[in-house]
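Per-entry structural report
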Amino acid sequence: MTDEELIWRISGGSGDGIASTSQNFAKALMRSGLNVFTHRHYPSRIRGGHTYTEIRAAADPVDSRGDGYNFLLALGDSFARNPQEGAVYGNEEIKPLSENLDELREGGVIVYDEGLLDPSEIPNFDERAEENDWHVFPLDLRGLARDMGREVMRNTAGVGATCALIGMDLEHVEDLMRDAMPEKILDPNLEILETAYDQVREEYDVDGVDVSVPTGEHEETQLLMSGSDAISYGAIDEGCRFIAGYPMTPWTEVFTIMTQNLPELGGISEQVEDEIAAAALAVGASHAGVKAMSGSSGGGFALMSEPLGLAEMTETPLVLVEAMRAGPSTGMPTKPEQSDLEHVLYTSQGDSQRVVLAPGTVEEAYEQSRIAFRLAYEYQIPTILLYDQKLGGELKNVPKSHFDREPNPTLGKTLTEEELAEQPHSADGKFHRFQHDVEDGVTPRSIPGQKGGRFLATGNEHDPTGHISESPDNRVAQIDRRTQKLEAIRADLDTEDTSSYAGPDDAEYGILTFGSQQGTVEEAVGRLNEAGVSVKSLGVSDMLPFATEEVEAFIESVDEVLVVEMTASGQFRGLVQKNLGRYGEKLSSLLKYNGNPFEPAEVVDGFEAAIIEGDGDASDHQTTFVPAAGD
Amino acid sequence: MSTFSAIGEEREIDRDEYTPGVEPQPTWCPGCGDFSVLKALKQALPEVGRSPEETLLCTGIGCSGKLNSYLDTYGFHTIHGRSLPVARAAKLANPDLEVIAAGGDGDGYGIGGNHFIHTARENHDMTYIVFNNEIFGLTKGQTSPTSPKGHKSKTQPHGSAKEPLKPLSLSLNAGASYVARTAAVNPNQAKEILIEAIEHDGFAHVDFLTQCPTWNKDARQYVPYIDVNDSDDYDFDKTDRVEAAEMMRTTEEALYEGEVLTGRFYVDEDRLSYGQEKRQIGEMPEEPLAERYWDDDYDWERSYDQFVDKHE
Ligand SMILES: Cc1ncc(C[n+]2csc(CCOP(=O)(O)OP(=O)(O)O)c2C)c(N)n1
Ligand code: SF4
Ligand SMILES: [Mg+2]
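Throughout this document, residue positions are counted from 1 along each chain, in the order its sequence is written. The order in which chains are written sets their letters, starting at A; the order in which ligands are written sets their numbers, starting at 1. It should be noted that, the model being predicted, local features are given only for residues of pLDDT at least 70 and side-chain atom pairs only at 80 or more, the latter also being counted only at that level, while totals for whole chains, interfaces and linings use all residues. Only hydrogens and water are set aside when side-chain values are computed; all heavy atoms of the structure are taken into account.

**Section: the coordination of the magnesium ion (ligand 3)**
All names here are of chain B. Counted as coordinating are nitrogen, oxygen and sulfur atoms within 2.8 Å of the metal, or 3.2 Å for Na, K and Ca, while water is not included, which may make sites look incomplete. Those protein atoms acting as donors to the magnesium ion (ligand 3) are Asp105 (OD), Asn133 (OD1) and Ile135 (O), and they sit at 2.1 Å. Along the chain, the residues donating to the magnesium ion (ligand 3) are arranged with the sequence spacing D-x27-N-x1-I. Remark: Ile135 occurs in strand S5 (residues 135–136) and Asp105 occurs in helix H4 (residues 105–111); sequence separation between them is 30 residues. Burial classes follow relative accessibility: with a 1.4 Å probe on protein chains only, a residue under 20% of its type's maximum area counts as buried, one over 50% as exposed, and anything between as partly exposed. On the accessibility criterion, Asp105 (1% relative accessible area) is buried. Secondary structure is summarised from DSSP: a helix means a run of H or I of at least four residues, a strand means a run of E of at least two, and numbering begins at the N terminus for each.

Listed below in structure tokens is the structure:
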């Protein structure tokens, strides 16, 4: 399949419009009938700093970034200019062309803006180009854009040149520009696009270029969506109409999407003073009878620890999303990692209960966002959707029909005033909100303003009416009941399809992963299978209550298991062992924590080195192997 | 029967309705000023016609937070410092509820200070009662943000080196539209102020001086007090920000010289509440959001119909 794909990388400076240009181009490829998947890399700055987006497009489904790329459109960093020469930015300006150049495949294409970039600054550029059979096209994109519109439109010129070189019709690109651009800038952009296209076709022998756009066809309408979009739409379809938050990368995406959409739905969004307030507001709104959410990334989520516990103790339904980025502390704000897993599982004092789901794909992000709300409200428990900068930000095509589902605005086990009248009350009329013996541990709740429903919600241990109680019998009854809910949730989750399998059932080896690395692992399994290796994979989403039986059966069915995760300390592997209580000698780890997600080849090579060759040294890559106990 | 039929019900409300039938676990010491807040609230609520089941009382943690155990309404005893964010969200979710938040000086001016500033700034339509005993009561008498300079406690053995926080001035500057101070020893004024605060459409902050005879031994009983609105010695316009600021400053300084000044310090009836502001810009529905979940005829929007087309 790798020959049949285009991996187009557009690189430039932060603020150069890389994100919107690549999104439109990905959509054009999708509309032409291809499956697409994007991977973006950006620094934590507003202006300047090398950024790129890769679009992988193929006729077959693509669920991961690829290995390297075969087309580079290097725009140059227009913000990397410094009045005091060399003072701060150093060689930043050339980076769009120089960075990761080694990953450009043999026979690959380079288009660079000769108005901004000078390849003589790159050591041995010409030799390397010749050695690797790269086709290099220096084009004055900036000059062309300046002549016909404005300099910033050089992205468009780059897209026009790309289309000319890969044999792609301008039709879909033009349609998209018409949809997306205001009149004023549309015409010059169209002109620039066509001129660049024509110029390249006239001046160069494009037939000699080996990289071409694949052709494909979709059976149904596709949507280009990110994990953040999918999470937001899942929330909306579950009737979530309240969000409170405080900006933090990368969670800000969900917060922004919800905030922009909620007014149209008669919902409420609140940007508040800090994350403690954000989570507390979600608790307050939910208590008052509205489906509510909040969320953050590592540091902000840390501040939510106490309100999270309050929701658990008061059995207030609550959905939080946690968009992981590389830590500790401020870490690397725009880089993905999965190392908040333990933080999210265990933060907040006491034997506190929660649900944690880690979706693996854009589709799962939508589904599990819905499951998170359903569980939170049906079982009156906080539910956390754990994802990362990779899943949140990457774009992928998803069939439109995936979203054609009924809304579910139900609040879970709540009572009408008529029903409340039938419920146990104290002599003074207080409703027994927290009864001891109830099915599944879930006691129905009332909403403030309802007649006959008054009770006290408190973070202190409490008796059935909610009043503070430190009686040992009551304590045990309440803790046992709250814990019982997790068993019911486990059984409930067994009816959902949250795990993902790839490879033959009877495989000899296994790869275990969670969350956003799932697609990459599955592609690696496909390649290993093609190469004759007997391996399968399991992508787990149910972090808490853990998918114990499924994972156990998976591990039991193979000889050896490699656990793949973006952490430095093997947190997921630890979670598996904690829940299963054994298999230390059967599990080894492949870790990556350099700020970039795994590429499929790294998993393939890592697996071969670790399991087949047994020494674990895949030293070409920035991955780390941790052997099984006793190895 | 509507969903929330306790709300807006026209009937006589008896003070005893707020008294729990079962005696709560006793927590307040004899002579504690907190009893006065309870008493004043029990008088004020029936007078404003708000029944226990249309009232949501959100408290923080502290002796003051135990108010929920003594006052029977819908209650949310939250966590230390966080009563305001919980309360204001409940108000946004269902503006028909009567929402009151309450807590201690440590709770509201210390650990929850950020929420205090921002809730005042946003002018949420709610009442906030701070039980100001100038001490951490529940944790056994440590120095609080309002303890006077030089105050000695186990955690400030050499006497506090810090100037006390000035809650009234802070409130005014942050944006509260009703700011008052009353004292436990002044039941009539306390009741009147609470009535006004509850009826006020905006953020009403009541700094309630409550003596703590257990830990604040040198503490005054906050007597004698002077009502600055009635006294001939003071003349200021409580609707004028500048004059209010001046009066607050005098009051805050006088307290540490043994003079207890109370009354309404700032009242702005014109400023829109946060809910009104949000509705004006189209970011909050006209009907209480909480009611929608019970409306069988409501046609719940789907992302499929509403949003996904732009991803095609
Ligand atoms: C996060 C957190 N920190 C500390 C405490 C311990 N604590 C409980 S109440 C309190 C201070 C109480 O003082 P105040 O708010 O003035 O209330 P009072 O008891 O005087 O009414 C403290 C420090 C806590 N419960 N939670
Ligand atoms: S310790 Fe002080 S504030 Fe607490 S109940 Fe006793 S007297 Fe009141
Ligand atoms: Mg206090």
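Back to the write-up after that little detour.
**Some words on empty space enclosed by the protein**
All names here are of chain A. Definitions used throughout: a 1 Å grid over protein atoms alone; a cavity as a set of points that fits a 1.4 Å probe which cannot get out; a pocket as an open set with protein on both sides within 12 Å along at least five of seven lines; a lining residue as one with an atom within 4 Å of a point. Grid points are joined across faces, edges and corners, and a volume is the space filled by probe spheres set on the points. Under the criterion given, the structure shown has five cavities of 30 Å³ or more. If you add up the space inside the largest cavity, you get close to 70 Å³. Residue lining of the largest cavity: 13 residues in total, with His39, Arg40, Gln389, Lys390 and Pro597 positioned closest to the centre. Mapped onto the lining of the largest cavity, the elements with two or more residues apiece are strand S2 (35–41) and helix H15 (389–393). If one sorts the elements of the lining of the largest cavity by residue count, S2 sits on top with four residues. Gly falls in the polar group here, along with every residue not listed as nonpolar (Ala, Val, Leu, Ile, Met, Phe, Trp, Tyr, Cys, Pro) or charged (Asp, Glu, Lys, Arg). Taken together, the residues of the lining of the largest cavity sort by class into two nonpolar, seven polar and four charged.

**Looking at the site of ligand 2**
Surrounding ligand 2, one finds Trp28, Cys29, Cys32, Cys63, Asn133, Cys212, Pro213, Thr214 and Trp215 of chain B. Taken together, the residues that form the shell around ligand 2 break down as seven nonpolar, two polar and no charged. Any residue with a non-hydrogen atom lying within 4 Å of a molecule or strand is treated as near it.

**Remarks on the interface of chain B and chain A**
Taken residue by residue, the interface counts 66 residues in chain B and 78 residues in chain A. Between chain B and chain A lies a buried interface of about 6,000 Å² when both sides are counted; carbon and sulfur atoms form 58% of it. We define a salt bridge as a contact between a side-chain nitrogen of Lys or Arg and a carboxyl oxygen of Asp or Glu at a distance within 4 Å. The interface formed by chain B and chain A holds 10 salt bridges in total. The residue Arg454 of chain A makes a salt bridge to Glu53 of chain B at a minimum N-O spacing of 3.3 Å. Think of a polar contact as two N or O atoms within 3.5 Å of one another; within protein, one of them needs to be a possible hydrogen donor and the other a possible acceptor, and neighboring residues in sequence only count if both atoms come from side chains. At the surface where chain B touches chain A, the tally comes to 39 residue pairs in polar contact (both at pLDDT 80 or more). When checking whether two residues touch, look at their non-hydrogen atoms; a contact exists if any pair is within 4.5 Å. Throughout, buried area stands for the accessible area (probe radius 1.4 Å) lost by two parts on being put together, summed over both.

**Here's the deal with the side chain of Asn70 of chain A**
All names here are of chain A. Of note, Asn70 is situated in strand S4 (residues 69–76). On the accessibility criterion, Asn70 (8% relative accessible area) is buried. A polar contact of 2.9 Å, which involves the side chain of Asn70, links it to the backbone oxygen of Glu5.

**Structural notes on the packing of aromatic side chains**
Ring pairs shown here join Phe, Tyr and Trp side chains whose ring centres sit within 6.5 Å, with only the six-membered ring taken for Trp; geometry is labelled stacked below 30 degrees between planes, edge-to-face above 60, and tilted in between. Scanning the model with the defined rule gives 21 aromatic pairs over all chains in all. A ring pair is formed by Trp8 of chain A and Phe25 of chain A, whose centres lie 4.4 Å apart and whose planes are at 50°; its orientation type is tilted. With Trp8 of chain A in strand S1 (residues 5–13) and Phe25 of chain A in helix H1 (residues 18–31), this pair connects stretches of sequence that are 17 residues apart. Taking the centre distance of 5.0 Å and the plane angle of 85° together, the rings of Phe137 of chain A and Tyr204 of chain A count as edge-to-face. A residue pair is termed long-range when its members are at least 10 positions apart, and Phe137 of chain A in strand S6 (residues 135–139) and Tyr204 of chain A in the loop between helix H7 (183–203) and strand S7 (222–226) qualify at 67 residues. On the basis of relative accessible area, Tyr204 of chain A is assigned to the partly exposed category, the value being 26%. An aromatic cluster of three or more residues is present, and its members are Tyr109, Phe116, Tyr128 and Phe203 of chain B. Over a ring means this: the NZ of a Lys or the CZ of an Arg is within 6 Å of the ring centre and within 35 degrees of the ring normal. Positioned over the ring face of Tyr304 of chain B is Lys400 of chain A, at 5.4 Å from the centre of the ring.

**Quick word on the domain arrangement of chain A**
Residue and element names in this part refer to chain A. Each domain's limits were defined by an automated method or a database of domain assignments. If you check the domain split of chain A, you get domain 1 (5–208), domain 2 (224–403), domain 3 (417–493) and domain 4 (500–626). Measuring from the centre of the C-alpha atoms in domain 1 to the corresponding centre in domain 4 gives 34 Å. Between domain 1 and domain 4, the contact holds 10 residues from the first and 10 residues from the second. Where domain 1 touches domain 4, the interface holds three salt bridges. Residues Glu599 and Arg65 are paired through a salt bridge, measuring 3.1 Å at the closest nitrogen-oxygen approach. Connecting domain 1 to domain 4 are six residue pairs in polar contact (both at pLDDT 80 or more).

**Examining the nonpolar core**
Residues and elements named next belong to chain A. Counting residues in hydrophobic clusters, the biggest one holds 150 residues, and the most contacted among them are Phe242, Met293, Leu512, Met543, Val551 and Phe572. For this core, the element with the highest residue contribution is helix H14 (residues 362–379), accounting for 10 residues. Contacts of Met543, omitting those with residues within four sequence positions, involve Leu341, Leu345, Val356, Ala358, Phe514, Phe572 and Leu575. For our purposes a nonpolar core is just a set of buried Ala, Val, Leu, Ile, Met, Phe, Trp, Tyr and Cys residues, chained together by side-chain atoms within 4.5 Å.

**Describing the sheet that holds strand S7 (residues 178–183) of chain B**
Overall, mixed pairing links the nine strands, which are arranged S15(A)-S2(B)-S1(B)-S3(B)-S4(B)-S8(B)-S7(B)-S10(B)-S9(B) in an open sheet. In this open sheet, the two edge strands, each paired with only one partner strand, are strand S15 (456–458) of chain A together with strand S9 (225–227) of chain B. For this sheet, the mean inter-axis angle between neighbouring strands, taken without regard to orientation, is 20°. Pairing analysis gives five bridges linking strand S3 (residues 98–104) of chain B to strand S4 (residues 126–132) of chain B, with the strands arranged parallel. Along S4 of chain B, the bridge assignment pairs Gly104 of chain B with Phe131 of chain B. Between N-to-C directions, angles span 0 to 180 degrees; the directions come from axes that are lines fitted to C-alpha atoms, helices contributing only their stretch in contact. Where helix H1 (residues 34–48) of chain B meets the sheet, it contacts strand S1 (55–59), S3, S4 and strand S8 (203–209) of chain B, and its direction lies at approximately 155° from that of S4 of chain B. Across the face of the sheet, helix H6 (residues 167–174) of chain B comes into contact with S4, S7, S8 and strand S10 (260–267) of chain B while running at roughly 165° to S7 of chain B. If DSSP finds at least two bridges between two strands, the strands pair.

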